[in-house]
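# Summary of the model geometry
Below are the chains, spelled out letter by letter.
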Amino acid sequence: MSPGTGPETADPRYHRIWQALAEVEDPEIPYVTIVDLGIVREVVADETGDPVVRITPTYSGCPATRLIELQIRAALDRAGFPHARIETVLSPAWTTDWISEEGRRKLREAGIAPPVPGSGRAALFGAGPAVPCPRCESTDTERIAEFGSTACKALYRCRHCREPFEYFKCL
Amino acid sequence: MAEDRARFEYLLRLGDNSLILGHRLSEMLGNAPALEEEMALVNVALDLIGQARLFLGYAGELEGAGRDEDALAYRRDVLDYRCALIVELPNGDFAHAIGRLFLISAFDFELYGALRESADRRLAAIAEKSLKEVTYHLRHAGEWVIRLGDGTEESHRRMQKALEDLWMYTGELFTPDALDEAMREAGIAPDLARLREGWDRRVDAVLREATLTRPAEGWMQSGGKDGRMHTEHLGYILAEMQFLQRAYPDARAW
Ligand SMILES: [Zn+2]
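Being a predicted model, the structure only gives us computed values, none of them experimental. (Residues numbered from 1 in each chain as written. Chains lettered and ligands numbered in written order. Predicted model: local features only at pLDDT ≥ 70, side-chain atom pairs only at ≥ 80, totals over all residues. Heavy atoms only, no water.)

### Quick word on the packing of helix 5 (residues 94-115) of chain B against helix 10 (residues 192-209) of chain B
Residue and element names in this part refer to chain B. Stated formally: For every element, the axis is a line fit to its C-alpha atoms; helices are fit only across the contacting stretch, and the angle between N-to-C directions ranges from 0 to 180 degrees. Every helix listed is a DSSP run of H or I at least four residues long, and every strand listed is a run of E at least two residues long, numbered separately from the N terminus. Put simply, angles under 35 degrees are roughly parallel, angles over 145 are roughly antiparallel, angles from 65 to 115 are roughly perpendicular, and the rest are oblique. A clockwise turn of the near helix away from the far one marks a right-handed crossing, whereas an anticlockwise turn of less than a right angle marks a left-handed crossing. The contact rule is simple, with two residues in contact once any of their heavy atoms fall within 4.5 Å. Just so you know the grouping, Ala, Val, Leu, Ile, Met, Phe, Trp, Tyr, Cys and Pro go in nonpolar, Asp, Glu, Lys and Arg go in charged, and all remaining residues, Gly too, go in polar.
The interhelical angle for the contact between helix 5 and helix 10, taken along N-to-C directions, is 140 degrees, at an axis separation of 9 Å. Taken together, the axes of helix 5 and helix 10 are oblique relative to one another. Judged by the twist between their axes, the crossing of helix 5 over helix 10 is right-handed. Between helix 5, through F102, L103, A106, F107, F109, E110, L111 and A114, and helix 10, the contact on the second element is made entirely by L195, G198, W199, R202, V203 and V206. Taken together, the residues of the contact of helix 5 with helix 10 sort by class into 11 nonpolar, 1 polar and 2 charged.

### Quick notes on the pattern of salt bridges
Pairing between side chains of opposite charge can happen when their charged atoms approach one another. For clarity, the cut-off: Just to be clear on terms, a salt bridge is a Lys or Arg side-chain nitrogen sitting within 4 Å of an Asp or Glu carboxyl oxygen.
Applying the stated criterion to the full structure yields 42 salt bridges over all chains. Here E166(A) makes a salt bridge to K153(A), at a shortest N to O gap of 3.3 Å. With E166(A) in strand 7 (residues 164-168) and K153(A) in strand 6 (residues 153-158), this residue pair connects regions lying 13 residues apart in the sequence. As a salt-bridge pair, R158(B) and E154(B) come within 2.9 Å of each other at their nearest N and O atoms. Taken together, the residues R158(B) and E154(B), both in helix 7 (residues 153-167) and 4 residues apart, mark about one turn of the helix.

### As for the domain arrangement of chain A
Residue and element names in this part refer to chain A. For clarity, the threshold we go by: Source of the domain bounds: an automatic or database domain assignment. Accessible-area loss on putting two parts together, using a 1.4 Å probe and summing over both, is the definition of buried area adopted here.
Split into domains, chain A comes out as domain 1 (7-94) and domain 2 (106-168). Each of domain 1 and domain 2 has a C-alpha centre, and the two are 27 Å apart. Between domain 1 and domain 2, the residue contacts involve 9 residues of the former and 9 residues of the latter. Interface area, domain 1 with domain 2, both sides summed: about 760 Å², of which 77% is carbon and sulfur. Close ionic contact of K106 with D36 constitutes a salt bridge, the shortest N to O distance being 2.6 Å.

### Overview of empty space enclosed by the protein
Where empty space is left in the structure can be found by rolling a water-sized probe over the atoms. All names here are of chain B. What counts is decided by this rule: Think of a 1 Å grid over the protein atoms and nothing else: a 1.4 Å probe that fits but is trapped marks a cavity, an open set flanked by protein within 12 Å on at least five of seven lines marks a pocket, and residues with an atom within 4 Å of a point count as lining. Grid points are joined across faces, edges and corners, and a volume is the space filled by probe spheres set on the points.
Counted by the stated rule, this structure contains 2 cavities of 30 Å³ or more. Within this model, the largest cavity holds a volume of roughly 140 Å³. Sorting the residues of the lining of the largest cavity by element identifies helix 1 (2-26), helix 5 and helix 8 (171-174) as the ones contributing at least two each. Examining the composition of the lining of the largest cavity, we find that 4 residues originate from one element, helix 1, more than from any other. In the lining of the largest cavity, the residues fall into 7 nonpolar, 1 polar and 5 charged. Of the volumes computed, that of the second largest cavity is approximately 30 Å³.

Structural data, given as structure tokens:
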């Protein structure tokens, strides 16, 4: 296998692959792409030169995982890589710290508070992080429900502007 | 290989626990006290089913008999299941359902934490992934135990009763049999007695805050993880869970 490449690769062939991957939206949060979320770990080439895309699932039971694989395949096919393979890697486990700055900005714009970095470890010990409201930026917010519309989100309410919002939980 | 066979059996225990508890939690859909709680429990169920897929998929590969995760989940009968008895029990009232989730999540939290060091690196990777999810399950269930225990007279009574009813099923989780010992010696699985210490500390801390009394240690039920004798409830779960696969194998008609 060739060494892995990331989104900033200078190699024109890999650049094309990463561009194609950057168009694949997350099926459950279509405001962000799988590259924004850090789901694509790296792209390498196998012995025959075909690209291998290494992805990592967000949650074990994420129902979108299969769909994401199909969409990657379709995107790479369109970009001229019909023989691309997808490999799933579990370790190191996906963490919300891998969501890019760009991804966090897009989440905020969609009204979803991005994860507060590095707070996953504290998950067990009561007091969660102060989550700023994506609308008015007040940190006077409260958690309504630990599990929201999808496994990766919790439901919050802003005490300042009174709007409910979703929070992308730390993992 | 004999060693692969043992690891296959061990992975069935992990996978079947997650699968059956996940199925039980999915039954809370439409039955939880609030819509948010319903969302929470089915999200937990989804995590557990996802973990079961990882464990069973790996088990199938080790077995080398061409059975994938679906074949293992949908085409084994009661006697071939290796889940602990506690996950088979019906949900009961909400205190019982949440109490079970709490006790199991505390166990999984310790187990997956230890399995990250497993000599089997693929198992370690699954454990690393699952631990992150189970941490949320444990916190969620623990918060409920505290809220119910330290709540009204009625909620306290029900939560205490749930613990009393569940307690005799906790022993099986920590009582090693020949397979557990073989896995421990091979560096694949941790020492169950060590897990027990962590579990005791965590469970006791929550019960204290919940003003609940830890049930007395007494007779412990067993027979699930070694498949010796499951409860009568498992057959009903499988009947429902496997119906579609049995009636329309692989749902090819669609
Ligand atoms: Zn606000």
